[in-house]
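# Fold and contact review
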Amino acid sequence: MLPAPVQQTMQQGKPCPGTGGAAVAMGAVMGGAAGAGAMGGMYAGQQQQAYSPQPQTMGASSGFMATASPFGQSWSQYCTQEAPQTDQYNVLSGRWGECLAWAKVFEKRNPNWSSDPDYRSGGPSFQVIQAMLSQSAMGNQRQLQEAANTLEAMCASAISSGQPLPVINQCA
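Below is a summary of the structure that appears in this document. Computed from a predicted structure; not experimentally measured. (Residues numbered from 1 in each chain as written. Predicted model: local features only at pLDDT ≥ 70, side-chain atom pairs only at ≥ 80, totals over all residues. Heavy atoms only, no water.)

## Notes on the packing of aromatic side chains
Heads up, the condition is: The criterion for an aromatic pair is that two Phe, Tyr or Trp rings (for Trp, the six-membered ring) have centres within 6.5 Å, with stacked assigned to planes under 30 degrees apart, edge-to-face to planes over 60 apart and tilted to the rest. By definition, any uninterrupted DSSP run of H or I lasting at least four residues is a helix, any uninterrupted run of E lasting at least two residues is a strand, and each is numbered from the N terminus.
In total, this model carries six aromatic pairs according to the counting rule given. When the centroid spacing of 5.6 Å and the interplanar angle of 65 degrees are considered together, the rings of Phe64 and Phe106 count as edge-to-face. With a gap of 42 residues between them, Phe64 in the loop between helix 2 (21-38) and helix 3 (75-79) and Phe106 in helix 4 (residues 94-109) connect regions that are remote in the sequence. Pairwise contacts between aromatic rings join Phe64, Phe71, Trp75, Tyr78, Phe106, Trp113 and Tyr119 into one cluster.

What follows is the structure in structure tokens.
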């Protein structure tokens, strides 16, 4: 079960484009750009980064950790610059949280990922969690596993309800 504040945050989420277009349009009519932003559109005129995880590899490794992050590096290069961390609700956050959330986006946008040989040993989310655990101190692994499982469940819930994913605030 997710912590109560996390559940509350998820319940207050804004719909993704295509699931709440009328709400965004109404927000724009009622409050201009700020109203559209409050209703799930762009934030005060700022455009969201258009990133879509692609099944391309960077470097010698394979699988999701070898794909390009929105920052130009492979996920492996990007994530290993920071130790895994959790937020106040014990949800995976930081670079590793971003990576796990984008792995969930990848799984949603690439429904045939399971037939890709790079994912025989485990799906994109599994690979992210395994890579994170291999980078963490032995004493933290159980807490980080639970934090990753919580974030993965939150992402799955956001995807099924058409909401932006936690940590990355992007729709799948």
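What follows continues from the structure just given.
## Concerning the nonpolar core
A general tendency of soluble globular proteins is for nonpolar side chains to be buried together. Filter applied, for reference: Put simply, a nonpolar core is a bunch of buried Ala, Val, Leu, Ile, Met, Phe, Trp, Tyr and Cys residues held in one set by side-chain atoms that sit within 4.5 Å of each other. Classification of residues uses two cut-offs on accessible area relative to the type maximum, computed with a 1.4 Å probe and protein chains only: under 20% is buried, over 50% is exposed, and between them is partly exposed. By definition, residues are in contact when any of their heavy atoms lie within 4.5 Å.
The biggest cluster of nonpolar side chains holds 30 residues, and the ones touching the most others in it are Phe64, Met65, Trp75, Leu92, Trp96, Val128 and Met132. Mapped by element, the contributors of at least two residues to this core are helix 3, helix 4, helix 5 (124-134) and helix 6 (141-161). A total of eight residues in this core trace back to one element, the largest contributor, which is helix 4. Sequence-distant contacts of Met132, that is, excluding residues within four places in its chain, are made with Pro84, Leu92, Trp96, Leu144, Gln145 and Ala148.

## Thoughts on the pattern of salt bridges
Going by this rule: A side-chain nitrogen of Lys or Arg and a carboxyl oxygen of Asp or Glu constitute a salt bridge if their distance falls within 4 Å.
Applying the stated criterion across every chain, the model contains four salt bridges. In this structure, Glu152 engages Lys104 in a salt bridge whose closest nitrogen and oxygen atoms are separated by 3.7 Å. Remark: Lys104 occurs in helix 4 and Glu152 occurs in helix 6; sequence separation between them is 48 residues. On the basis of relative accessibility, which here comes to 12%, the residue Lys104 falls in the buried class. Here Glu146 ties to Arg142 by a salt bridge, and the two come within 3.3 Å at their closest N and O atoms.

## As for helix 6
The test is simple: The span you would expect from a helix comes to 1.5 Å times its residue count less one. Note: the arc covers the axis-to-C-beta directions of the helix.
Given a rise of 1.5 Å per residue, 21 residues ought to cover 30 Å, and the 30 Å separating the end C-alpha atoms of helix 6 matches this to within 8%. Of all the positions in helix 6, only Leu144, Ala147, Ala148, Thr150, Leu151, Met154, Cys155 and Ala158 are classed as buried. Axial view of helix 6: buried residues confined to an arc of 160 degrees, hence all on one face. Turned more than 90 degrees off the buried face of helix 6, the exposed positions are Arg142 and Ser160. Looking one or two places after helix 6, you find Gly162, whose phi comes out positive at around 75 degrees.

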